[in-house]
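The lines below spell out each chain.
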Number of protein chains: 2
Amino acid sequence: MNNHKLTEFSLIDQITKKINHFSSQVYKGIGDDTAIIKESGGKLLFTTDAQVEGVHFSTKYLSYYQIGKRAVAINISDVAAMGGFPKYILVSLFIQRNISSEDINQLYDGMLDECKDFGVEIIGGNISKSNQFIIDIFLTGEMNTHSPLLRSAARLGDKVLVTGTIGDSACGLKILADNKLKIPKACKDRLLNKHILPIPRVKEGIFIAKSGLATSMIDISDGLSSDLGHICEQSHKGVRIYSGNIPISKEVKLYSEISGTSYMEYALNGGEDYELCFTASERNAEKLINRLKNSTGTKATIIGEIVEEKYGRKIVDFKGKSLVLVSKGWDHLKKT
Amino acid sequence: MNNHKLTEFSLIDQITKKINHFSSQVYKGIGDDTAIIKESGGKLLFTTDAQVEGVHFSTKYLSYYQIGKRAVAINISDVAAMGGFPKYILVSLFIQRNISSEDINQLYDGMLDECKDFGVEIIGGNISKSNQFIIDIFLTGEMNTHSPLLRSAARLGDKVLVTGTIGDSACGLKILADNKLKIPKACKDRLLNKHILPIPRVKEGIFIAKSGLATSMIDISDGLSSDLGHICEQSHKGVRIYSGNIPISKEVKLYSEISGTSYMEYALNGGEDYELCFTASERNAEKLINRLKNSTGTKATIIGEIVEEKYGRKIVDFKGKSLVLVSKGWDHLKKT
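Parameters and conventions
Residues numbered from 1 in each chain as written. Chains lettered and ligands numbered in written order. Predicted model: local features only at pLDDT ≥ 70, side-chain atom pairs only at ≥ 80, totals over all residues. Heavy atoms only, no water. Helix = DSSP H or I, 4+ residues; strand = E, 2+ residues; numbered from the N terminus. Contact = heavy atoms within 4.5 Å. Buried area = accessible area lost by both parts, 1.4 Å probe. Salt bridge = Lys/Arg side-chain N within 4 Å of Asp/Glu carboxyl O. Polar contact = N/O pair within 3.5 Å; in protein donor to acceptor, adjacent residues only side chain to side chain. Least-squares fit on C-alpha atoms with pLDDT ≥ 70 in both. pLDDT = per-residue confidence, 0-100. Axes fitted to C-alpha atoms, helices over the stretch in contact; angles between N-to-C directions. Parallel < 35°, antiparallel > 145°, perpendicular 65-115°, else oblique. Left-handed = near helix turned anticlockwise from the far one by under 90°.

### A word on the environment of A:Tyr61
Residue and element names in this part refer to chain A. Of note, Tyr61 is situated in the loop between β3 (42-52) and α2 (64-80). Each C-alpha atom, one on Tyr61 and one on Gly260, is 23 Å from the other, the two residues being 199 residues apart in sequence. Not counting residues within four places of it along the chain, the set of residues in contact with Tyr61 comprises Gln66, Leu176 and Ala177.

Next comes the structure, spelled out in structure tokens:
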């Protein structure tokens, strides 16, 4: 086996092929933002996501409070991406001996604050010794009145939409790692905040799923190119994205200008924005944008459309030039 | 904060005090083998337990197949300890770059084999890069027709019982670490097997809970002294254990003899036997032993009784001498 070629997605693919049969109670097994189990009262959602020190965060830049709050938010975002209500959390901690009980206290304060914002309860967990600080969270969710939006249900001709703006979190991460650039404070604070304390789009996800107007959904955790790639792959479709339509905040544009970097790179491959990317028919897309804005105050933008798989995944730039959209987003196993 | 005094149980205590309020849907929050949520159809159980390389196992001694099988068994044991049916698993893997896809293949073969034995399905998970190999499992369970057996419901005068024999796993671990002693092969194999591939007592747990004859239950994961300590603490009771009554296998006795070590140490503080420790009134204890044996083929043994909390936790030795039963079992944060 050539270990150098091991990537997160190739491993998930390997595991998915191995575990390809589920009982009739399993509505959705491996391969979406959450697993889904059918129950008498509706559907139960299950997801897990971890934050590893030195891989996903550094205690040099983030407080334990922030680490806790963020770890919970990231899991809640997966339930939001199905259109579900987040419910209960189990916290699996891996800690080194040099952590203090005050650190743990702060960590739980952060987790509890995030839980409170979304009506989630911490009901259990586990603690193990390790040589790296890791917080691994298991989250359950439920949906009783509507159907989940899977990655696999995008249809030909659907418009592709995203909530909010993207690329902000990636710029925030850049600022954390290199604080030497002179960025106006308000801009810096907003970008840092988007990275450190993302707000999962729970009410938006529920609204979009309940509306019955969308066909598929995913949250942007690994980067638009990767996450939209999952929708394409699982729906057996291609996509055409118009770079000029991608919603970029003025802060991302300003940061890119000052740093001399490309904001399109942050938007396409940055990840960790925890915005929602979803699809809806041409007829429903504008309707959904208006209703979502009226109901939640959140803006959504059409950035492209679903095409036949044989046309691949492309991004059309400002000059009308078409480039292949390569999934370059976050791979948890790639060399950094 | 004095970090040297941080123990797994002091941390759990700290967290439990912090999160002491649950909604009415939570039947049992932090502090038992699983959390329990009330649902329209019955009760849902949630638990998580992890295996960390270098802490809980070593790839020097265990194959990836065994690591996977064992990790699942250990989680299933927690659901067994409530008297529930294990159902679905999410697998959170933390892997180093030098792991091969064949290792992952073997790991999943082990997990899937253990799942198959107990009607459990792997429905999702997550993969992260880390500098230590960790397998963290999240298991759900259910119970629709009977009530769970909590740690907190032991009553005064109850008999204390255990299934099978204890101390075997601890001897197996000793043999793994030091293979120089000349132990007869059959003995060695049995002890190694009990350590490497424990069989969670699912049918026994369900039978005991369904019988309505028991009052409390826990699985022996950290060691009898620690685990029985949890029952005492949460039930606000003391305990009197008779060392001569503790079921010790002939293999443990033989290994102790050859190695010149104390089998009582293995039985009391060894842990990882994944037998069940439970309580039942004097009137019901013998009845339960007989019915359990008839129904499952598994022997249970009375090893002592529940007394008032003020009398503490004691162990009465062969000569009638009473010693304090100190919880010396496995603490995941202690120095090893």
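Don't stop here, the text continues.
### What about the interface of chain A and chain B?
On the chain B side, the residues contacting the 70 residues of chain A number 71 residues. Summing both sides of the interface, chain A and chain B together bury roughly 5,900 Å²; the carbon and sulfur share of this comes to 62%. If you look at where chain A meets chain B, you find two salt bridges. Across the pair A:Lys18 and B:Asp109 runs a salt bridge whose closest N-O atoms are separated by 2.7 Å. For the interface between chain A and chain B, the tally reads 18 residue pairs in polar contact (both at pLDDT 80 or more). Within the residue set of the side of chain A that touches chain B, elements represented by two or more residues are α1 (8-18), β2 (35-39), β3, β4 (85-95), α3 (101-117), β5 (121-129) and β6 (134-143) of chain A. No other element matches β5(A), which puts nine residues into the side of chain A that touches chain B.

### Examining the relation of the copies chain A and chain B
By a simple turn and slide, chain A fits onto chain B: the slide is 0.0 Å along the axis, the RMSD is 0.0 Å, and the turn is 180°. Taken together, the rotation and translation relating the two chain copies correspond to the operation of a two-fold axis. Proximity to the rotation axis, assessed at the C-alpha, singles out A:Phe138 in chain A; its C-alpha lies 3.5 Å from the axis. Mapped onto chain B, 100% of the interface residues of chain A are again interface residues, and the two copies thus contact each other with one and the same surface.

### Topic: the environment of A:Ile104
Mapped onto the fold, A:Ile104 is located in helix α3. Spatially, the C-alpha atom of A:Ile104 lies 27 Å from that of A:Val202, the residues being 98 residues apart in sequence. Setting aside residues up to four positions removed in sequence, A:Ile104 forms contacts with A:Leu93, A:Ile95, A:Ile99, B:Leu11, B:Gln14 and B:Ile15.

### Quick look at the confidence of the model for chain A
Chain-level statistics for chain A give a pLDDT mean of 93 and a share of 96% at 70 or above. As scored by the predictor, the complex reaches a pTM of 0.94 and an ipTM of 0.93.

### Quick look at the packing of helix α6 (residues 202-211) of chain B against helix α10 (residues 282-296) of chain B
All names here are of chain B. Orientation of α6 relative to α10, taken along the N-to-C sense of each, is 135°, at an axis distance of 10 Å. Comparing the axis directions of α6 and α10 gives the class oblique. Considering only the axes of α6 and α10, their crossing is right-handed. Contact residues: Lys203, Glu204, Phe207, Ile208 and Ser211 in α6; Leu288, Arg291, Leu292, Ser295 and Thr296 in α10.

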